[in-house]
Amino acid sequence: MRNEQIVDFDIESASFIEDKHEEKVVSTSNLFFKTTDYLNRFLAVIAGVALMLMMLLIVFNSIKRMYSDPIAGTVEIVSWLGAITGIFALGYTQLNKGHVYIDMLVDKFPSMLQRIIHTVVNVLSASFFLVAAWQLLLFGLNLGSNGVVSQTIQFSFYPIVILSSIGFIGLVLAIVKETILIWKVAS
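Quick look at the structure, then. Here the residue numbers are simple positions, counted from 1 along each chain's written sequence. Per-residue local features of the predicted model are confined to residues with pLDDT of at least 70, and side-chain atom pairs are confined, for both listing and counting, to 80 or more; whole-chain, interface and lining totals are unaffected and use all residues. Hydrogens and water are ignored here; the side-chain numbers use all heavy atoms of the structure.

Here's the deal with the overall build of the protein chain
Reasoning step 1: Numbering of helices and strands runs from the N terminus, with a helix taken as a DSSP run of H or I at least four residues long and a strand as a DSSP run of E at least two residues long. Summing up its helical and strand segments, the protein chain has six helices and two strands in all.
Reasoning step 2: Put simply, the protein chain runs from its N terminus to its C terminus through helices and strands in the order β-β-α-α-α-α-α-α.
Reasoning step 3: Relative to its full complement of 187 residues, the protein chain shows a buried share of 29%.
Reasoning step 4: Computed with a 1.4 Å probe, the accessible areas rest on the Shrake-Rupley method; for each residue, only the protein chains presented here act as cover. Just so you have it, the protein chain exposes about 12200 Å², and 69% of that area is on carbon and sulfur atoms. Three exposure classes are used, based on accessible area relative to the maximum for each residue type with a 1.4 Å probe and protein chains only: buried under 20%, partly exposed in between, and exposed over 50%.

This is how it looks when you write it as structure tokens:
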């Protein structure tokens, strides 16, 4: 269950030979895996754009403050962009094993027990994030039906809340993919 990629180097042919088992798993990918990868890459691009917009807004607002009044609603907009950046990057980070994973104790267990523990943790995580996505969707719909707007710029921000639930769905799909791969590699 390590996060390291296994690569062998053959001196004689001077080329990389990837682990045959990993190659078999990649070649047997299906529509679910491709869709999960595409969705999470797309959300990561949106997260990157949101991060760049947040940076540009802060820099532009700082420069503008030296000569005139600051941009109204900068704090609100930066907060929304920060939420989009964080939530939309979750699934992509999970797919690329970028989250913290402490494996000191679990590595000492037999491989079957490691897969079972990893699966139980993934099922609990997927369940939690599925509930979070559902609650965000309900909260966004409630904000929209009540006509709630932001304080400073009077912007109706319920679409951002509803779209944030998609970020959690991407994370859930990435966790499900990881769980399937754990058992595919074992077989």
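Quick look at unusual backbone geometry
Reasoning step 1: Even without a glycine there, the phi angle at Lys97 is positive, about 55 degrees.
Reasoning step 2: One can find Lys97 in the loop between α4 (90–95) and α5 (111–146).
Reasoning step 3: The phi dihedral of Gln154 is positive, around 55 degrees, even though this residue is not glycine.
Reasoning step 4: Within the fold, Gln154 resides in the loop between α5 and α6 (158–186).

Some details on the nonpolar core
Reasoning step 1: Counting residues in each nonpolar core, the largest one holds 24 residues, and the members touching the most others are Ile84, Phe88, Phe157, Val161 and Phe168.
Reasoning step 2: Elements with a contribution of two residues or more to this core: α2 (31–67), α3 (74–88), α5 and α6.
Reasoning step 3: For this analysis, residues touch if any pair of their heavy atoms sits within 4.5 Å. Among all residues touching Ile84, those that are not within four sequence positions of it are Ile46, Ala47, Ala50 and Ile160. Only buried Ala, Val, Leu, Ile, Met, Phe, Trp, Tyr and Cys residues count toward a nonpolar core, and they belong to the same one when joined by side-chain atoms within 4.5 Å.

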